[in-house]
Amino acid sequence: MTEHRNEINIGGDVGGNFVVGNNNNVGVPSVPHSSSTPAALRLFVSYRINDSVYATAGIADRLARHFGRENVFRDRDTLALGAMYPTSIRRALERCDTVLAVIGSAWLEIRDSSGQRCLDNPRDWVRTELRMAFERGIPVVPVLLDDTPLPDPSRLPDDLAPLTLCTFWQVRHQSFDSDVRGLIDGLTPGRNPSRPT
């Protein structure tokens, strides 16, 4: 499979500033917290288009219904036309409380148009999103689809090795609604989720 999400030329200096060489002209509007109500949980959904776009859309939709659409970032739902993709991703990650990494059966092996495994490219979007989350100390929840296991550490680049130590959640197509409700409970303070069996 070939991943069609554009890669970027993005890096950082010691001050955390990003250097962008190739942009994709889309962006995300800034939604400030309301000063009159407690800050809501803000979620960033990371996924591979060719691996899990439909499952991710369903998960993001249910999360948005519960936490509020303005508090769930998924590029296809949130990005406004005309702004810069790298800036939008950085801003969304800086503002989020938790990153959900949706991982299906093809996530590890999807390749770009040259035949290179996407995860082996430091400029790959999914790798960049997760690396930025780990560097910032943002909790990452692997959301494993169906029987997909946590990735083997030996198959991950070093900067994504922490992924294998994160507590995961499983979402299966045959129990999709109840599994996503359990995920929502697990993300909601004070609730005790019932794990999929």
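On a predicted model such as this, the values are computed, not experimentally measured, just so you know.

About the thresholds
Residues numbered from 1 in each chain as written. Predicted model: local features only at pLDDT ≥ 70, side-chain atom pairs only at ≥ 80, totals over all residues. Heavy atoms only, no water. Helix = DSSP H or I, 4+ residues; strand = E, 2+ residues; numbered from the N terminus. Buried < 20%, exposed > 50% of the residue type's maximum accessible area, 1.4 Å probe, protein only. Contact = heavy atoms within 4.5 Å. Areas by Shrake-Rupley, 256 points an atom, 1.4 Å probe, with all protein chains shown as cover. Salt bridge = Lys/Arg side-chain N within 4 Å of Asp/Glu carboxyl O. Phe/Tyr/Trp six-rings, centres within 6.5 Å; stacked < 30°, edge-to-face > 60°. Pairing = 2+ DSSP bridges. Right-handed = clockwise from strand over helix to strand, strands pointing away. Arc of directions from axis to C-beta. Axes fitted to C-alpha atoms, helices over the stretch in contact; angles between N-to-C directions. Left-handed = near helix turned anticlockwise from the far one by under 90°. Core = buried A, V, L, I, M, F, W, Y, C linked by side-chain atoms within 4.5 Å.

Novice: Explain the overall build of the protein chain to me, please; I cannot follow it from the model alone.
Specialist: When helices and strands are tallied, the protein chain shows 5 helices and 9 strands. Going from the N terminus to the C terminus, the protein chain shows its helices and strands as β-β-β-β-α-β-α-β-α-β-α-β-β-α. For the protein chain, the proportion of its 197 residues judged to be buried stands at 48%. The contacts in the protein chain between residues at least 6 apart in sequence include a share of 74% that link residues at least 24 apart. Surface accessibility of the protein chain: about 9900 Å² in total, with carbon and sulfur atoms responsible for 49%.

Novice: Can you help me understand the pattern of salt bridges in this one?
Specialist: Note that side chains of opposite charge can pair when their charged atoms are close. Here the structure, examined in full by the defined rule, presents 11 salt bridges. In this structure, Arg-62 engages Asp-177 in a salt bridge whose closest nitrogen and oxygen atoms are separated by 3.0 Å. Here Arg-62 is found in helix H1 (residues 49-67), whereas its partner Asp-177 is found in helix H5 (residues 176-187), with 115 residues between them in sequence. Accessibility expressed as a relative area gives 41% for Asp-177, which makes it partly exposed. Salt-bridge contacts for Arg-131 lead to Glu-135; the nearest nitrogen and oxygen are separated by 4.0 Å. Here the residue Arg-131 and the residue Glu-135 both occupy positions in helix H4 (residues 125-136), the gap between them amounting to 4 residues, near one helical turn. A residue is classified by how much of its surface remains accessible, and Arg-131, at 15% relative accessible area, is buried.

Novice: How should I be thinking about the packing of aromatic side chains in this particular structure?
Specialist: Given two aromatic rings, one states the distance between the centres and the angle between the planes to describe the pair. Overall, the coordinates contain 1 aromatic pair when judged by the stated rule. Where Phe-44 meets Phe-73, the ring centres are 4.9 Å apart and the plane angle is 15°; that geometry is what we call stacked. Separated by 29 residues along the polypeptide, Phe-44 in strand E4 (residues 43-46) and Phe-73 in strand E5 (residues 72-73) bring together distant segments of the chain. Here Phe-73 falls in the buried class, since its relative accessible area comes to 6%.

Novice: Explanation requested: the pairing of strand E7 (residues 98-103) in the structure shown.
Specialist: Of all 6 residues making up E7, 6 are buried, and the element is well covered by its neighbours. Across the two faces of E7 the burial is the same, with Thr-98, Leu-100 and Val-102 and Val-99, Ala-101 and Ile-103 all buried. Where E4 meets E7, 4 bridges bridge the pair, whose relative direction is parallel. Opposite Ser-46, over in E7, you have Ala-101 as the bridge partner. You can see the chain leave E7, run along H4 and come back into strand E8 (residues 140-145), and the turn it takes is right-handed.

Novice: Can you walk me through helix H3 (residues 85-95) in this structure?
Specialist: For an α-helix the count is 3.6 residues per turn, leaving residues at separations of three or four pointing the same way. Those residues of H3 lying buried are Tyr-85, Pro-86, Ser-88, Ile-89, Ala-92 and Leu-93. Taken around the axis of H3, the buried residues stretch over an arc of 165°, which confines them to a single face.

Novice: Where do I start with the packing of H3 against H4 in this structure?
Specialist: Helix-helix packing: each pair is described by the crossing angle between the helix axes and the interaxial distance. Running from amino to carboxyl end, H3 crosses H4 at an angle of 35°, the nearest separation of the two axes being 10 Å. Here H3 runs over H4; the crossing is right-handed. Contact with H3, carried on its side by Tyr-85, Pro-86, Ile-89, Arg-90, Leu-93 and Glu-94, involves Trp-125, Glu-129, Met-132 and Arg-136 of H4 and no other residues of that element.

Novice: Quick question: what am I supposed to make of the nonpolar core here?
Specialist: General note: in soluble globular proteins, nonpolar side chains tend to be found buried as a group. Counting 26 residues, the largest nonpolar core has Phe-44, Val-99, Trp-107, Leu-130 and Val-140 as its most contacted members. Of all elements in the fold, only H3, E7, H4 and E8 reach the threshold of two or more residues within this core. Per-element tally for this core: the top contributor is H4, with 6 residues. What Val-140 contacts, discounting residues up to four positions off in sequence, is Val-99, Ala-101, Leu-130, Ala-133, Phe-134, Leu-163, Cys-166 and Thr-167. Listed in part, the 23 residues of the second largest apolar core include Leu-63, Ala-64, Val-102 and Ile-184.

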